[in-house]
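# Examination of the molecular architecture
Each chain, letter by letter, is given below.
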Amino acid sequence: MADHAEAADAAVGTAPELAGAELEAATKVFGDRLQLARRYVEHLATSGLERGLIGPREVPRLWSRHVLNCAVIESEFPVGAAVADVGSGAGLPGLCLAIARPDLRLTLVEPLERRVTWLEEVIDDLGLENVTVLRARAEQAVGEVDAEFVTARAVSALSTLIPMTLPLLAGSGVLVAIKGRSASEEVEKAAKAIKKYKGHSPVVRTVGEDLLDEPTTIVRITVGQP
């Protein structure tokens, strides 16, 4: 128990170093907004840890496993797209996208007040003008969010995620879900849910192969016209 407490104490206030391949990847993804990304990681490693948005063991790998893993999906969205991040939590992937792509219009959908408060504090500190936070469950946000794309990470299995996300698209748009190695299996299990919510053309692919040692796996599901 003491070891865990000591690890947490050591981690608080210590953002992981950005060097080597990670620095190269972060520079390519965030460009002249890299300093904002660094500041975001500092928030994750300090107040994010203190308030339970991330665990102590995640601090050393905030860049590789979390921020860069999320940020590389920016390539999936056209210029000026309206994107809703469902179950945003610590802003993964929503804040990563807002930093990497100031042209995007992001809405972070998050039901828990303490997380909403933290997200708003970080947005204010970073001066991000292209992102807002909506405190609501996904089903409550239907009709409240103007989204051409919906994204989510580590929220639930795809069969459960579909009813939470596709209705937000109001009949037309694309879900871009960050998934793991079982993505193809999840798509198979979610076939009925995809059809029920008028989704089609599910695609599993990886992004960031040229930047990350472990590329990010995504599932794209289209609603309406492709």
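Above this note sits the structure.
Cut-offs applied
Residues numbered from 1 in each chain as written. Predicted model: local features only at pLDDT ≥ 70, side-chain atom pairs only at ≥ 80, totals over all residues. Heavy atoms only, no water. Axes fitted to C-alpha atoms, helices over the stretch in contact; angles between N-to-C directions. Helix = DSSP H or I, 4+ residues; strand = E, 2+ residues; numbered from the N terminus. Contact = heavy atoms within 4.5 Å. Nonpolar A, V, L, I, M, F, W, Y, C, P; charged D, E, K, R; others polar. Buried < 20%, exposed > 50% of the residue type's maximum accessible area, 1.4 Å probe, protein only. Pairing = 2+ DSSP bridges. Polar contact = N/O pair within 3.5 Å; in protein donor to acceptor, adjacent residues only side chain to side chain.

So, on to the packing of helix H2 (residues 20-30) against helix H3 (residues 34-50). The geometry of H2 relative to H3 is characterised by a closest axis approach of 9 Å and an angle of 120 degrees between their N-to-C directions. Residues Leu23, Ala26, Thr27 and Phe30 of H2 form the contact with H3, whose own contacting residues are Leu34, Ala37 and Arg38. Here the contact of H2 with H3 is composed, by residue class, of 5 nonpolar, 1 polar and 1 charged.

Counting buried positions along strand E4 (residues 149-153) gives 5 out of 5 residues, so the element sits mostly inside the fold. Burial along E4 is two-sided: the residues Phe149, Thr151 and Arg153 and Val150 and Ala152 are all buried. Where strand E1 (residues 82-86) lies against E4, 3 bridges are found, and the strand directions are parallel. Along E4, the bridge assignment pairs Ala84 with Val150. Sheet topology places E4 next to strand E5 (residues 173-179); 5 bridges connect them, and they run parallel.

Moving on to the environment of Glu76. Residue position: Glu76 is located in the loop between helix H4 (62-71) and E1. Judged by its relative accessible area of 8%, Glu76 falls in the buried class. When the C-alpha positions of Glu76 and Val174 are compared, they lie 9.9 Å apart, and in sequence the two are 98 residues distant. Not counting chain neighbours up to four residues away, the residues in contact with Glu76 comprise Phe149, Val176, Arg205, Val207, Ile218 and Arg220. In this structure the side chain of Glu76 is engaged in a polar contact, spanning 2.7 Å, whose partner is the side chain of Arg205.

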